[in-house]
Amino acid sequence: MERNMNFKSISDYNKFNNQETLHPLVSVIDLGKANKRQQHKMNFGIYCVILKDVVCGDLKYGKNYYDYQEGTLVFFAPGQVVELEGSNDFYQPKGFALAFHPDAIHGTSLGKTIQDMSFFSYNTSEALHLSEKERQLVLDCFAKIQYELEQSIDKHSKTLIASNIELFLNYCTRFYDRQFITRDNVNKGIVAKFEELLNNYFSSDKPQQIGLPSVAWCAAALHLSANYFGDLIKKETGTAAQEYIQTKLIDVAKERIFDIDKSISEVAYDLGFKYPQHFTRLFKQKVGVSPNKYRHLN
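The paragraphs below set out a description of the structure included in this document. Keep in mind that this is a model prediction, so the values were computed, not measured.

A word on the packing of aromatic side chains. Remark: the centre distance and the inter-plane angle together describe each pair of aromatic rings, the angle taken between the planes. One pass over the structure, following the stated rule, counts 22 aromatic pairs. Consider the rings of Phe 44 and Phe 76, whose centres lie 5.0 Å apart with planes at 20 degrees: the pair is stacked. On the criterion of sequence distance, the pair formed by Phe 44 in strand β3 (residues 40–44) and Phe 76 in strand β7 (residues 72–76) is long-range, its members being 32 residues apart. Look at Phe 44 and you get buried, because its relative accessible area is 4%. We classify Phe 76 as buried; its relative accessible area is 1%. Measuring from centroid to centroid gives 5.8 Å for Phe 258 and Tyr 294, while their planes differ by 40 degrees, and the two rings are tilted. Of this pair, Phe 258 sits in the loop between α9 (241–257) and α10 (264–271) while Tyr 294 is found in helix α12 (residues 291–297), placing the two residues 36 residues apart along the sequence. Residue classification places Tyr 294 among the buried positions, given a relative accessible area of 15%. Feature note: the residues Tyr 47, Phe 75, Phe 100, Phe 119, Phe 120 and Tyr 176 constitute an aromatic cluster, connected by ring pairs.

What follows is about the pattern of salt bridges. Pairs can form between side chains of opposite charge once their charged atoms are near each other. Counted under the stated rule, the structure contains four salt bridges. Arg 178 is the salt-bridge partner of Glu 134, the closest N and O atoms lying 2.7 Å from each other. Highlighted residues: Glu 134 in helix α3 (residues 132–149) and Arg 178 in helix α4 (residues 157–182), separated in sequence by 44 residues. Classification of Arg 178 as partly exposed rests on a relative accessible area of 25%. Between Asp 270 and Lys 262 there is a salt bridge whose closest N-O contact spans 2.4 Å.

Here the focus is the side chain of Glu 134. Judged by its relative accessible area of 10%, Glu 134 falls in the buried class. One polar contact links the side chain of Glu 134 to the main-chain amide nitrogen of Ser 131, over a distance of 3.0 Å.

For the rest of this paragraph, the subject is the nonpolar core. Counting residues in each nonpolar core, the largest one holds 32 residues, and the members touching the most others are Leu 73, Phe 75, Phe 100, Phe 120, Phe 168 and Leu 169. Of all the secondary-structure elements, those providing two or more residues to this core are β2 (26–30), β4 (47–52), β7, β9 (95–100), α3 and α4. In terms of residue count, α4 provides more of this core than any other element does, seven residues in total. Those residues within four positions of Leu 169 in sequence are excluded, and the remaining contacts are Val 49, Phe 75, Phe 100, Leu 110, Ile 114, Met 117, Phe 119 and Phe 120.

As a rule of thumb, non-glycine residues mostly have phi less than zero, and peptide bonds are mostly trans rather than cis. Phi at Asn 18 is positive, roughly 55 degrees, even though this residue is not glycine. If you trace the backbone, Asn 18 turns up in the loop between α1 (10–16) and β2. Not every positive phi belongs to a glycine, and His 223 is a case in point at roughly 60 degrees. In this structure, His 223 sits in the loop between α7 (215–221) and α8 (226–237). His 223 sits in the exposed class, given a relative accessible area of 68%.

Definitions and cut-offs
- Residues numbered from 1 in each chain as written.
- Predicted model: local features only at pLDDT ≥ 70, side-chain atom pairs only at ≥ 80, totals over all residues.
- Heavy atoms only, no water.
- Phe/Tyr/Trp six-rings, centres within 6.5 Å; stacked < 30°, edge-to-face > 60°.
- Helix = DSSP H or I, 4+ residues; strand = E, 2+ residues; numbered from the N terminus.
- Buried < 20%, exposed > 50% of the residue type's maximum accessible area, 1.4 Å probe, protein only.
- Salt bridge = Lys/Arg side-chain N within 4 Å of Asp/Glu carboxyl O.
- Polar contact = N/O pair within 3.5 Å; in protein donor to acceptor, adjacent residues only side chain to side chain.
- Core = buried A, V, L, I, M, F, W, Y, C linked by side-chain atoms within 4.5 Å.
- Contact = heavy atoms within 4.5 Å.

Everything listed is a geometric property; what it means functionally is a separate question.
Structural data, given as structure tokens:
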């Protein structure tokens, strides 16, 4: 029977894991203390980063699945729903988790930057796989946060706790950059697939049917989340995914402009623009001259 767990507060998550609540907004959890459990669905109202030391079934995140392993860090943010699927057998959780309420970081530097940490919205197949050295560093960060939680709350507590959480997440950003580098061949394969996807898109009738290709559409077609896809393209090519699409669009447009049997407006519609003036504006911005002038100059 499926269980729905709603984690609106740190206390809710602590109770679920047999953990004492030392601080109302932050907790470091030893998952080994939790009771054995079955498949369940979790609704997060808090941030949660889990270092999983046991494979406990399939984690369904939205419509996608985490392909996680032992020693994998997974990230969840408020508003996300995660479902554990598999057999109805009981299993013993193992590993550690850091949970913190958004109120814990409001008014801090982390509160201003956490929206830029796109790994909180990654598909789980894009989770962070740690080396043993990185895993130990994660545990060291958790230990520092735990130390602060065990102290009496004073005027320094919020700053010190938030700073240690931010330090941990900055390390995660570094680890993700390392993962991009070590998976370089896979990433280059994605860039090649992206190029092929755009070529096929503009060679088909999709532009007339659904308009210009968006970053989200391309990411979905390649079975990646938009944030992860955007990060990957930027790191591999030095160009934002949206700019990459526009560059391809202009290349195709330059070729089609030489078809004198078609007006500039017809070229624009064929490329997926609703309004020809939008095409003219983008073309002039990228090329330096209007489509009409480009046609006559060449």
